[in-house]
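# Structure assessment
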Amino acid sequence: MFNIVLYEPEIPQNTGNIGRLCVGLEATLHLIEPLGFSLEDKYMKRAGLDYWKHLDLKVYKNYGDFLAKNNPSRIFFFSKKAEKVYWEANFKKGDYLVFGKETLGLPEEIVFNPENRVYKIPMIGKTRSLNLSNSVAIVAYEAFRQVNQELKIF
């Protein structure tokens, strides 16, 4: 359905939880190295439960490797520094949804490149950012809603 891309994720529990979400949405999970943990990490596996074996997982040495192996035509980036909000995006089946690392987000050359589609999840409280797995879930389910509305599945 979709491609969820994590740029240099650092926390294994977040990645495990996102992997579980991907299984539930029939999405592919793409991990761009370096990772802040081993794929054998017990915390990641625990968060992913027994769903991990059903996950369509791809791992890349760096962002360039990811681009070269996928050549995505529709790619969306998510950053708290963006101007547009995620519900303004027009998602389609097969889109790539890219999220940055927990501590630093996405590199500025991606976020501030005017050619990129960059969106944010708005917040009005005093929180600096949302948890990565929560952010992925919010955006992935909006994309899922839009695609299923278009395909009239639900």
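Higher on the page you've got the structure.
### A few points about the packing of aromatic side chains
- Here the structure, examined in full by the defined rule, presents 11 aromatic pairs.
- Centroid distance Y141 to F144: 5.7 Å. Interplanar angle 70°. Geometry classified as edge-to-face. Of this pair, Y141 and F144 both sit in helix 5 (residues 132–151), three residues apart, which is roughly one turn of the helix.
- One aromatic cluster is present, formed by Y7, Y60, Y63, F66 and Y96 through successive ring pairs.
- One cation-aromatic arrangement involves R117 over F76; the distance from NZ or CZ to the ring centre is 5.0 Å.

### A few points about helix 3 (residues 63–70)
- When we look at burial in helix 3, the residues that qualify are D65, F66 and N70. The buried residues of helix 3 occupy one face: seen down the axis, they fall within an arc of 110°.
- Where helix 3 is buried, its residues touch strand 1 (3–7), strand 2 (28–32), strand 3 (56–60), strand 4 (75–78) and strand 6 (96–99).
- Of the residues that open helix 3, the one with a side-chain oxygen 3.1 Å from the backbone nitrogen of G64 is N62.
- One or two residues past the end of helix 3 sits N71, with phi positive at roughly 45°.

### Points about the pattern of salt bridges
- Using the criterion set out here, one finds seven salt bridges in the structure.
- Of the charged contacts in the structure, one is a salt bridge between K61 and E33, with a shortest N-O distance of 3.7 Å. One end of the pair, K61, is in the loop between strand 3 and helix 3; the other, E33, is in the loop between strand 2 and helix 2 (42–48), and 28 residues separate them in sequence.
- Put simply, R145 and E142 hold a salt bridge, and the shortest N to O gap is 2.7 Å. With R145 and E142 both in helix 5, this residue pair falls three residues apart, about one helical turn.

Here is what the cut-offs are and how they apply
Residues numbered from 1 in each chain as written. Predicted model: local features only at pLDDT ≥ 70, side-chain atom pairs only at ≥ 80, totals over all residues. Heavy atoms only, no water. Phe/Tyr/Trp six-rings, centres within 6.5 Å; stacked < 30°, edge-to-face > 60°. Helix = DSSP H or I, 4+ residues; strand = E, 2+ residues; numbered from the N terminus. Lys NZ or Arg CZ within 6 Å of the ring centre and 35° of its normal. Buried < 20%, exposed > 50% of the residue type's maximum accessible area, 1.4 Å probe, protein only. Arc of directions from axis to C-beta. Contact = heavy atoms within 4.5 Å. Polar contact = N/O pair within 3.5 Å; in protein donor to acceptor, adjacent residues only side chain to side chain. Salt bridge = Lys/Arg side-chain N within 4 Å of Asp/Glu carboxyl O.

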